[in-house]
Amino acid sequence: MKKYVSIFAVFLCVVSYGQEKKVNDDFELELEAEYRYFPNEAAFEGQKDHFPSLAISPEYSLSWNKGYDVLNFKGFFRLDVDDERTHWDIRELYYQKSKKNWEISLGLKKVYWGVTESNHLVDIINQTDAVESFDGEKKLGQPMAQFSLSTKNIGTFDFFYLPFHRKRTFPGTKARLRFPIVIDQDDLNYESSAEEWHQDFAIRWKHYIGSVDIGLSHFYGTGREPLFILNYDFNIEAFYPIINQTGLDIQVTNNAFLWKLESIYRTSDAQDFFALVGGVEYTFSNIKSSGLDVGFLLEYLYDDRDELALTGLQNDVFFGSRIAFNDVQSTEILIGGIADLEKSSKIFSLEASRRLGESWKLEVEGRFFSNIDNREFILSNFQEDSFFRLSVLKYF
């Protein structure tokens, strides 16, 4: 809590400084009413079927000095049936200073890396908000100092200093998509004696050469993903290891084709592994002059940890279709599935959204687990947890 108080104090100082100059500010508020339903009988004691919840997401930005100085804030709070999913977070609270070809950011921030659809291997800066979404798309704010340098001929370099590690929260007793034993984040230890205060560093280079966008990154520090191992007493130990991870992401645009690749090699004292995801997306644009765009996606996923991969994606293929109506309501649909090439396990998904009027939005999501093999270390716990999600959002 002390770190958040310190960051808030910096926030107030910057606001006071900004008020002495010509400033522009903007405030937005998002309210969400969500309902999740799990139709199958629960696999573990204490789990529920119905999960109504409410969420609020305020955003505030302040800029001055012709936009070269910016202060951004994004907050989040959810009230849910699952006690662990009732949580709050400062997604972003940072000051950014820009000059000709460089910029520096200080505070809590979200940084996204990656190009593929089914799994974001190289995206390692922020901790996953594991109770908020099944697919790992939601992230916690990460305390950092980021320096970016842009060059004309050799691309952009991003340097990160990450002074504090945030633990992942796991679903509680009432929740679905959990393990038989409820994992308390406080029970997970660290490999480093400095624990969450181990000083982490990362660097990324990104550039484009013609139709090729490329990114190369390296991360050193406490891994965002906990490591689960079986000790000599046949008990599971979980801790956050010190890792080195080198990542590569490439996207090639060729007319209606997008060729995508993400690959990582991660080393630690306890475990070394290689993983990749690569594939193609092809889009039929403005079909019969209707404005309708239909894209088809195909990706292959590999992780040489096999069944110990925390994502459960060790030798799988992803297939899907992205449909954009390009209408006034911004209607979009993404349907897809992941099939294991060695076992019978399959996961099907549906995501759809549509604006309702000027300030409302409707979202629908479905995840369906089919024929999950009992040898799946992670997914076998979720085989009864197919679900539907309906969200209504109001913007102010």
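Structural data are supplied above this passage.
Everything in this summary refers to the structure shown in the same document. Remember, predicted model here, so these are calculated numbers, not experimental data.

Comments concerning the pattern of salt bridges
Next, step 1: Overall, the coordinates contain 33 salt bridges when judged by the stated rule.
Next, step 2: With a closest N to O distance of 3.5 Å, Arg266 and Glu225 form a salt bridge. With Arg266 in strand β14 (residues 257-267) and Glu225 in the loop between β10 (212-222) and β11 (227-230), the pair connects residues that are 41 residues apart, well separated along the chain.
Next, step 3: Accessibility expressed as a relative area gives 13% for Arg266, which makes it buried.
Next, step 4: Looking at Glu225, the relative accessible area reads 17%, which means it is buried.
Next, step 5: Between Arg305 and Glu225 there is a salt bridge, with its nearest N and O atoms 2.7 Å apart. Note that Arg305 is positioned in the loop between β16 (293-303) and β17 (315-324) and Glu225 in the loop between β10 and β11, a separation of 80 residues in sequence.
Next, step 6: Residue Arg305 is classed as buried on the basis of its relative accessible area, which comes to 12%.

So, the packing of aromatic side chains
Aromatic ring pairs are described here by two measures, namely the spacing of the ring centres and the angle between the planes.
Next, step 1: Enumeration according to the criterion identifies 19 aromatic pairs in this entry.
Next, step 2: The interplanar angle of 35° and the centroid separation of 5.6 Å between the aromatic rings of Tyr161 and Phe201 together place this pair among those described as tilted. With Tyr161 in strand β7 (residues 156-162) and Phe201 in strand β9 (residues 200-209), this pair connects stretches of sequence that are 40 residues apart.
Next, step 3: For Tyr161, a relative accessible area of 32% gives the class partly exposed.
Next, step 4: Given the relative accessible area of 42%, Phe201 is considered partly exposed.
Next, step 5: Judged by centre distance (6.0 Å) and plane angle (85°), the ring pair of Phe284 and Phe296 falls under edge-to-face. Residue Phe284 is found in strand β15 (residues 273-284), and its partner Phe296 is found in strand β16; the two are separated by 12 residues along the sequence.
Next, step 6: Clustering of aromatic rings is evident, with ring pairs tying together Phe257, Trp259, Tyr282, Phe284 and Phe296.
Next, step 7: The positively charged end of Arg305 is found above the aromatic ring belonging to Phe273, 3.9 Å away from the centroid.

Side note on the pairing of strand β3 (residues 69-80)
Next, step 1: Alignment of strand β2 (residues 50-64) against β3, held across 10 bridges, turns out to be antiparallel. Each bridged residue has a counterpart across the sheet, and for Ser63 the counterpart in β3 is Val70.
Next, step 2: The turn linking β2 back onto β3 is made up of four residues, and Asn65 within it adopts a positive phi angle of 55°.
Next, step 3: Bridging between β3 and strand β4 (residues 87-98) involves 10 bridges; their strand directions are antiparallel. Across the sheet, residue Phe73 finds its bridge partner in β4, namely Leu93.
Next, step 4: Where β3 folds back on β4, the antiparallel hairpin that results is connected by six residues.

The rules we used
- Residues numbered from 1 in each chain as written.
- Predicted model: local features only at pLDDT ≥ 70, side-chain atom pairs only at ≥ 80, totals over all residues.
- Heavy atoms only, no water.
- Salt bridge = Lys/Arg side-chain N within 4 Å of Asp/Glu carboxyl O.
- Helix = DSSP H or I, 4+ residues; strand = E, 2+ residues; numbered from the N terminus.
- Buried < 20%, exposed > 50% of the residue type's maximum accessible area, 1.4 Å probe, protein only.
- Phe/Tyr/Trp six-rings, centres within 6.5 Å; stacked < 30°, edge-to-face > 60°.
- Lys NZ or Arg CZ within 6 Å of the ring centre and 35° of its normal.
- Pairing = 2+ DSSP bridges.

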